[in-house]
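Here's the letter readout for the chains.
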Number of protein chains: 2
Amino acid sequence: MHNMDDIETEEILTCLRITAHHPLHEIKNVFKLINFNKKEKHLAEDALKIGRDTKSCRISLYDQRVSRVQFSIRAFRHFNSSQLFFEIQNLSRRGKLIVNNIALEYLNKVELPKKALVRFAEFQFLVEKEDGESTENFETFFELARAPCQEVLYVPSMSPVPETGLLINACSIPPYCSSQTPVEMEECELK
Amino acid sequence: MHNMDDIETEEILTCLRITAHHPLHEIKNVFKLINFNKKEKHLAEDALKIGRDTKSCRISLYDQRVSRVQFSIRAFRHFNSSQLFFEIQNLSRRGKLIVNNIALEYLNKVELPKKALVRFAEFQFLVEKEDGESTENFETFFELARAPCQEVLYVPSMSPVPETGLLINACSIPPYCSSQTPVEMEECELK
């Protein structure tokens, strides 16, 4: 048992709560390499890469439609703020990455809003940020959603909207989305 | 000899021309791990880390005042642009990183202007970007400067000036800078 005098003061870590959905996850087992319902700690200075390559990616997806490295999430601090914020960058030369209703091409990036629906191939990741105290580490927590996440058609005013970014309209929403009308973002239906 | 039919079309790579200075480089040999006057190619999707750790850093500095990983330079593309741009982020928990006259603390980041004077510990890196065509790769080219680089007191209007960033005024300029009056940035005096 640790002596309470010796251990370091515990800091609450900023958490990225990621609710993941794939329409064929039970057949293709695309999430076989994900540890669901378990907090995983990451160094704030390291980019969190997500893709098919198990060597270079902290989060690996078992699906041939996913690029070797599909995208990255990186922590940063705004000036005069001790909070962690995150930026998401598309690292796939082939596939688009949709963040809420903004389409990111290869090497495009945006700041992740507090709540963001990230789509690539047939995947949906609803990413929600819970603020913490530490600036040196953050954690991720994956949950599996059986039903698709609700679609975001309006970007909240706090979200970054690049002037020249391609906004995705209702016509381009994939057919498995549960609503074709503008709605507020809702929680995914958890398994 | 290659058959010209078989080889891929050559693309001009965006080049970061880095003129490096350290007042004690001849005594301490701080640049012993740098390949001067030689173009080095990098993948655009990988962060270029600069620091003391030879394992995690592509560019290693042999100086105990430098952090294991001091800072990173990362390529990105603005929306609807095929050009590569770069962002610089301070990854040192101890030392500030000065980019022109903006002080970056741990995890702060700014977009690199076309020409930037980057300072950390006793190092000065004058970073100049030469645009290329490829979006998949870029290159670096290091030159050694015997004399310190000229100081930038005015940030050019194209440079990012964070509203809340700490601007460095003339009083905080280290004594080895060659001018105490506002000047335009000049080339370093090459060895």
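Our structure's up above, just so we're on the same page.
Keep in mind it's a predicted model, so treat the numbers as computed, not measured.

1. Examining the overall build of chain A
Secondary structure assignment for chain A yields one helix and 13 strands. Each helix and strand of chain A, placed in order from N terminus to C terminus, yields the pattern β-α-β-β-β-β-β-β-β-β-β-β-β-β. In chain A, buried positions account for 53% of the 191 residues. For chain A, the share of sequence-separated contacts (at least 6 apart) that also reach a separation of at least 24 residues comes to 62%. Of the accessible surface of chain A, which amounts to about 10000 Å², a share of 48% is contributed by carbon and sulfur atoms.

2. A short note on the side chain of S134(A)
Residues and elements named next belong to chain A. Turning to its location among the elements, S134 is positioned in the loop between strand 11 (123–130) and strand 12 (137–144). Looking at S134, its side chain comes within polar contact range of the main-chain nitrogen of E136, at 3.1 Å. With near-sequence residues (within four places) excluded, S134 lies in contact with E11, I12, L13, T14 and L84.

3. Points about the sheet that holds strand 4 (residues 59–60) of chain A
Residues and elements named next belong to chain A. Strand order in the open sheet formed by five strands is 4-3-5-6-9, and the pairing between neighbours is mixed. The outermost strands of the open sheet, each flanked by one partner alone, are strand 4 and strand 9 (109–111). Bridging between strand 5 (residues 71–76) and strand 6 (residues 85–90) involves six bridges; their strand directions are antiparallel. Each bridged residue has a counterpart across the sheet, and for I73 the counterpart in strand 6 is I88.

4. Notes on the relation of the copies chain A and chain B
For the pair of chain copies, the relating transformation is a rotation about an axis with a translation along it. Once chain A has been moved 0.0 Å along the axis and rotated by 180°, it coincides with chain B to within an RMSD of 0.1 Å. The symmetry that links the two subunits is that of a two-fold axis. Measuring from the rotation axis to each C-alpha of chain A, the shortest distance belongs to A47(A), at 4.4 Å. Looking at chain A, 100% of its interface residues are interface residues in chain B too, so the copies touch through the same face.

5. Let's talk about the pairing of strand 5 of chain A
Residues and elements named next belong to chain A. Among the six residues in strand 5, six count as buried, and that is most of the element. Neither face of strand 5 is open: one carries F71, I73 and A75, the other S72, R74 and F76, and all of them are buried. Of the pairings in the sheet, the one linking strand 3 (residues 48–51) to strand 5 comprises three bridges and is antiparallel in character. Note on strand 5: the bridge partner recorded for I50 is F71.

6. Notes on the environment of F125(B)
Inspection of the secondary structure puts F125(B) in strand 11 (residues 123–130). Each C-alpha atom, one on F125(B) and one on E143(B), is 9.7 Å from the other, the two residues being 18 residues apart in sequence.

7. Some thoughts on the interface of chain A and chain B
Interface extent is often summarised as the accessible area lost during association of the parts. Chain A puts 33 residues into the contact, and the matching count from chain B is 33 residues. In total, about 2700 Å² of surface goes out of reach between chain A and chain B, with carbon and sulfur atoms giving 47% of it. It is E45(A), R77(A) and F79(A) in chain A that bury the most area against chain B; as a group they hold 30% of the surface buried on that side. The salt bridge involving E87(A) is made with K109(B); its shortest N-O contact spans 3.0 Å. On the surface where chain A and chain B come into contact, there are 20 residue pairs in polar contact (both at pLDDT 80 or more). Secondary-structure elements contributing two or more residues to the side of chain A that touches chain B are strand 5, strand 6, strand 8 (102–104) and strand 9 of chain A. Tallied by class, residues from the side of chain A that touches chain B come to 15 nonpolar, seven polar and 11 charged.

Here is what the cut-offs are and how they apply
- Residues numbered from 1 in each chain as written.
- Chains lettered and ligands numbered in written order.
- Predicted model: local features only at pLDDT ≥ 70, side-chain atom pairs only at ≥ 80, totals over all residues.
- Heavy atoms only, no water.
- Helix = DSSP H or I, 4+ residues; strand = E, 2+ residues; numbered from the N terminus.
- Buried < 20%, exposed > 50% of the residue type's maximum accessible area, 1.4 Å probe, protein only.
- Contact = heavy atoms within 4.5 Å.
- Areas by Shrake-Rupley, 256 points an atom, 1.4 Å probe, with all protein chains shown as cover.
- Polar contact = N/O pair within 3.5 Å; in protein donor to acceptor, adjacent residues only side chain to side chain.
- Pairing = 2+ DSSP bridges.
- Least-squares fit on C-alpha atoms with pLDDT ≥ 70 in both.
- Buried area = accessible area lost by both parts, 1.4 Å probe.
- Salt bridge = Lys/Arg side-chain N within 4 Å of Asp/Glu carboxyl O.
- Nonpolar A, V, L, I, M, F, W, Y, C, P; charged D, E, K, R; others polar.

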